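Take a look at the letters that make up each chain.
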Amino acid sequence: MDNTMGQTGDELIGVDENTPELDWAVVKSLMDAQANTNTSLERYLLYVTHDEFDLDDQHIERCLSEAITHHERALEDLKVARELIAEDAD
């Protein structure tokens, strides 16, 4: 297998036999958590830095709700990483 990393659905691509599965799963969970956090920030920055987005209270509330959803996903990704470590310790 090549060493490029990517993801298609839930299938990991590019994890070769030298990559410990647990380490990769933890790294992947942390990367997913970071990606969800970045998405929230990027969306809000897009809204506040472009004049065509007129942010009234309703739009700000929706933006924050989306950010909460993304952060909840990030928390789930981190919990998966923690559970993987706990399972490996048993």
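The structure this text deals with has already been given above.
Residues numbered from 1 in each chain as written. Predicted model: local features only at pLDDT ≥ 70, side-chain atom pairs only at ≥ 80, totals over all residues. Heavy atoms only, no water.

Engineer: How should the overall build of the protein chain be read in this particular structure?
Structural biologist: In terms of helices and strands, the protein chain carries 2 helices and 2 strands. Walking the protein chain from its N terminus toward its C terminus, one meets helices and strands in the order β-β-α-α. Relative to its 90 residues, the protein chain shows a buried fraction of 18%. In the protein chain, the share of contacts with a sequence separation of at least 24, taken over all contacts with a separation of at least 6, comes to 53%. For the protein chain, the accessible area works out to roughly 7,000 Å², and carbon and sulfur atoms hold 53% of it. (Helix = DSSP H or I, 4+ residues; strand = E, 2+ residues; numbered from the N terminus. Buried < 20%, exposed > 50% of the residue type's maximum accessible area, 1.4 Å probe, protein only. Contact = heavy atoms within 4.5 Å. Areas by Shrake-Rupley, 256 points an atom, 1.4 Å probe, with all protein chains shown as cover.)

Engineer: I'm lost on the pattern of salt bridges in this one. Help?
Structural biologist: Any two side chains of opposite charge can pair, so long as their charged atoms come close to each other. One pass over the structure, following the stated rule, counts 3 salt bridges. With a closest N to O distance of 3.6 Å, Glu-66 and Arg-43 form a salt bridge. With a gap of 23 residues between them, Glu-66 in helix H2 (residues 57-89) and Arg-43 in helix H1 (residues 21-49) connect regions that are remote in the sequence. Across the salt bridge formed by Lys-79 and Glu-76, the nearest N and O atoms sit 3.7 Å from each other. One end of the pair is Lys-79 and the other is Glu-76, both in helix H2 and 3 residues apart, which spans about a single turn. On the basis of relative accessible area, Glu-76 is assigned to the partly exposed category, the value being 44%. (Salt bridge = Lys/Arg side-chain N within 4 Å of Asp/Glu carboxyl O.)

Engineer: Looking at this structure, how should I read the side chain of Ser-29?
Structural biologist: On the secondary structure map, Ser-29 appears in helix H1. What makes Ser-29 buried here is its relative accessible area of 7%. The contacts of Ser-29, once residues within four sequence positions are left out, are Asp-77, Val-80 and Ala-81.

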